[in-house]
Amino acid sequence: MTHTTILSWVTFIYFFSFVAYLVRMIFGKELWGRVGSIAAWIGIAAETCALLLRWKASYDLGIGHIPLSNLYESMVFFAWAIVAINLFIEWRTGSRAIGAFVMPAAFLAMAYASIAPGVSSQIQPLIPALQSNWLTSHVVTCFLGYASFTVAFGCGLIYFLRDWITARHEGIGERLPSSESLDETIYRSVALGFVFLTIGIMTGSIWAHYAWGSYWSWDPKETWSLITWIIYAAMLHARYVRDWRGKRLALMAVIGFASVLFTYLGVNYLPGLHSYLQA
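Residues numbered from 1 in each chain as written. Predicted model: local features only at pLDDT ≥ 70, side-chain atom pairs only at ≥ 80, totals over all residues. Heavy atoms only, no water.

Another aspect to go through is the nonpolar core. Grouped together as the largest cluster of nonpolar side chains are 72 residues, with contacts concentrated most on Y14, V83, I186, V190, Y232 and M235. In terms of residues, this core owes the most to one element, helix α5 (residues 134-168), which gives 14 residues. Those residues in contact with Y14 that lie beyond four places of it in its chain are A40, G43, I44, E47, A79, V83, M103, A106, F107 and M110. (Core = buried A, V, L, I, M, F, W, Y, C linked by side-chain atoms within 4.5 Å. Buried < 20%, exposed > 50% of the residue type's maximum accessible area, 1.4 Å probe, protein only. Helix = DSSP H or I, 4+ residues; strand = E, 2+ residues; numbered from the N terminus. Contact = heavy atoms within 4.5 Å.)

In structure tokens form, the structure reads like this:
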């Protein structure tokens, strides 16, 4: 079985995991929550194998690089990171409610990588600027940060929808995390993501110095990475100094995620040093 075939199956496994989490939330059957978790674990294990196979295939082709070099590969890794962070938080909190709001992001990332126009799944040689050991540390840390922010975004959505759902379906509302639990998960997810993004920006700056002779060029992706960093820095500052909680914290998580999406996808349509990610 090829890595592309495995990744196609992973897309459907993540969708099934989302459905299982959703059924658990609606009907309160904990069995479906366990099914959702098991499906997520199976999916991430299969995706890990597929990425390793793709890595090996690149060496068989004489190219030899980690599968993180273009939009298709980064989307696949983004999905992997989302599921990994979700399962980690699920393990730490013991709550499966967040999966119904986070797993769709992993499914959509995989689906987008498969069907989006202009996104090629072929293994391609690295352009000279990417031929560096900094590729792995920079991309991995950035996407672990993006994935953590995705979980925070999912918790923010739950916060805004919780009262609306409870008013119409009290039983479903009772199965959602409490406001205090959501606050804490948003804060911890953002704090984790902020550390990863900071490391990602630092390694990217060092890499840029070796690749282009400058630590910072105000490239669109660099600029928006900084904007995203500032948004989450302000969010953590407001929580620590002003004790922001509730809707204000949830709103910041949603705004921050919008900035993440533009940093990752939106700036690809602007000319810049990172335009190679369009392929």
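Within the secondary structure, D183 is located in helix α7 (residues 179-212). One buried charge, D183, has no salt-bridge partner; the nearest side chain with opposite charge is R245, at 4.7 Å. Ignoring anything within four residues of it in the chain, the contact list for D183 reads Y159, R239, R245, G246 and L249. (Lys, Arg positive; Asp, Glu negative; His and termini not counted. Salt bridge = Lys/Arg side-chain N within 4 Å of Asp/Glu carboxyl O.)

The next subject is the environment of L53. Within the element layout of this structure, L53 appears in helix α2 (residues 30-60). L53 gets classed as partly exposed once you look at its relative accessible area, which sits at 36%. Sequence-wise, L53 and V119 are 66 residues apart; in three dimensions their C-alpha atoms are separated by 20 Å. Residues contacting L53, with those up to four places away along its chain left out, are M1, H3 and I6.

Moving on: a nonpolar patch on the surface. Residues L52, W55 and Y59 make up a contiguous nonpolar surface patch of about 330 Å² in total accessible area. Mapped onto the elements of the fold, W55 is located in helix α2. (Patch = residues over 30% accessible without salt bridge, like charges linked within 9 Å, V, L, I, M, F, W, Y side chains within 5 Å. Areas by Shrake-Rupley, 256 points an atom, 1.4 Å probe, with all protein chains shown as cover.)

The N-to-C vectors of helix α1 (residues 3-27) and α2 enclose an angle of 165°; their axes lie 8 Å apart at closest approach. Comparing their axes, α2 and α1 come out roughly antiparallel. Both α1 and α2 take part in a crossing whose hand is left-handed. When the residues that make up the contact of α1 with α2 are grouped by side-chain class, the tally is 19 nonpolar, six polar and four charged. (Axes fitted to C-alpha atoms, helices over the stretch in contact; angles between N-to-C directions. Parallel < 35°, antiparallel > 145°, perpendicular 65-115°, else oblique. Left-handed = near helix turned anticlockwise from the far one by under 90°. Nonpolar A, V, L, I, M, F, W, Y, C, P; charged D, E, K, R; others polar.)

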